[in-house]
Amino acid sequence: MQAGVYSFLGGYGNNELGRYERFEPFSSIWDIYCNRSDPEFLYRVLEEVIKAGATTVNIPDTVGYNLPEEFGQLIAKIKANTPGADGIIISTHCHNDLGLATANTLAVRHVFQPF
């Protein structure tokens, strides 16, 4: 299964392929540039890794510059536009470079369970 994901990603060149880290067994994947990726590409990659057996995808704000509304919308769009996303764990990792980590985390929580 993993070979299919890497074959799919290989079509986008080494720069794209290098953005993904694989864990053994293949259960988790994360994209450090997801908030700067083309959304359609991100949905396709996540769909492929879910098909390959990923049970968790991590969507980080590694630079810490997303506003809460933007980050919450990113997660909501991933949930709505990625086939199979309803059957996996979507985790996040928010940096606090601009003091927004807690607000971004709460915005994501709101996507899954509105206050």
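Data block above holds the structure.
Described below are features of the structure shown in this document. (Residues numbered from 1 in each chain as written. Predicted model: local features only at pLDDT ≥ 70, side-chain atom pairs only at ≥ 80, totals over all residues. Heavy atoms only, no water.)

### Things to note about the packing of helix α4 (residues 68-81) against helix α5 (residues 101-112)
This is how the line gets drawn: Fitting a line to C-alpha atoms yields each axis, with helices limited to the stretch in contact; the angle taken between N-to-C directions then spans 0 to 180 degrees. Segments assigned H or I by DSSP are reported as helices when at least four residues long, segments assigned E as strands when at least two residues long, and all are numbered from the N terminus. Left-handed describes a crossing whose near helix is turned anticlockwise from the far helix through less than a right angle; right-handed describes the clockwise counterpart. Residues count as neighbours in contact if any of their non-hydrogen atoms are within 4.5 Å of one another. Residue polarity follows a fixed list, in which Ala, Val, Leu, Ile, Met, Phe, Trp, Tyr, Cys and Pro are nonpolar, Asp, Glu, Lys and Arg are charged, and the others, Gly among them, are polar.
Direction vectors running N to C along α4 and α5 enclose 35°, while the axes themselves pass 8 Å from each other. As for how α4 packs across α5, the hand of that crossing is right-handed. Residues Pro 68, Phe 71, Gly 72, Ile 75, Ala 76 and Lys 79 of α4 form the contact with α5, whose own contacting residues are Ala 103, Asn 104, Ala 107, Val 108, Val 111 and Phe 112. Grouping the amino acids of the contact of α4 with α5 by side-chain chemistry returns 9 nonpolar, 2 polar and 1 charged.

### A few points about the pairing of strand β4 (residues 89-94)
Put simply, the rule reads: Two strands pair under a simple rule: DSSP has to find at least two bridges between them. Note on handedness: a clockwise path from strand one over the helix to strand two, with the strands aimed away from the viewer, defines a right-handed crossover.
Examined bridge by bridge, strand β3 (residues 56-61) and β4 share 6 bridges and lie parallel to one another. Of the residues in β4, the one forming a bridge with Thr 56 is Ile 89. As a crossover connection, the stretch from β3 through α4 into β4 is right-handed.

### Here's the deal with the environment of Ala 101
Put simply, the rule reads: Burial here depends on accessible area, computed with a 1.4 Å probe over protein chains only, as a share of the maximum for the residue type. Under 20% is buried, over 50% is exposed, and the range in between is partly exposed.
Here Ala 101 is to be found in helix α5. Look at Ala 101 and you get buried, because its relative accessible area is 11%. Considered as a pair, Ala 101 and Pro 68 are 33 residues apart in the sequence and their alpha carbons are 8.5 Å apart. Residues within four places of Ala 101 in sequence aside, it is in contact with Cys 94, His 95 and Asn 96.

### Remarks on the nonpolar core
As a rule of thumb, soluble globular proteins bury nonpolar side chains together. What counts, and what does not: In this description, a nonpolar core means a group of buried Ala, Val, Leu, Ile, Met, Phe, Trp, Tyr and Cys residues linked to one another through side-chain atoms lying within 4.5 Å.
Judged by nonpolar contacts, the single largest core of 19 residues is most densely connected at Leu 46, Ile 59, Leu 74, Ile 78 and Ile 90. Take this core: its biggest share by element is 5 residues, from helix α3 (residues 39-51). In this view, Leu 46 contacts Val 57, Ile 59, Ile 78 and Thr 82; residues no more than four positions away in its chain are not counted.

### Points about a nonpolar patch on the surface
Basically, it comes down to this: Think of a patch as exposed residues, more than 30% relative accessible area, with no salt bridge, where like charges cluster within 9 Å and nonpolar side chains (Val, Leu, Ile, Met, Phe, Trp, Tyr) cluster within 5 Å. Working definition of accessibility: Shrake-Rupley area with a 1.4 Å probe, residue cover restricted to the visible protein chains. In what follows, salt bridge is the name for a side-chain nitrogen of Lys or Arg lying within 4 Å of a carboxyl oxygen of Asp or Glu.
The grouping of Val 63, Tyr 65 and Leu 98 at the surface amounts to a nonpolar patch, some 270 Å² of accessible area in total. The topology assignment puts Leu 98 in the loop between β4 and α5. Leu 98 sits in the exposed class, given a relative accessible area of 59%.

### A look at the pattern of salt bridges
When the charged atoms of two side chains lie near each other, side chains of opposite charge can form a pair. What the rule picks out here adds up to 2 salt bridges. Where Lys 51 meets Glu 47, a salt bridge forms, and the shortest distance between an N and an O atom there is 3.5 Å. Of this pair, Lys 51 and Glu 47 both sit in helix α3, separated by 4 residues, roughly a single helical turn. By relative accessible area, which is 54% here, Lys 51 ends up exposed. For Glu 47, a relative accessible area of 17% gives the class buried. A salt bridge links Lys 51 to Glu 48; its shortest N-O distance comes to 3.6 Å. One end of the pair, Lys 51, and the other, Glu 48, are both in helix α3, 3 residues apart, so they sit about a helical turn from each other. Assessed through its relative accessible area of 16%, Glu 48 is described here as buried.

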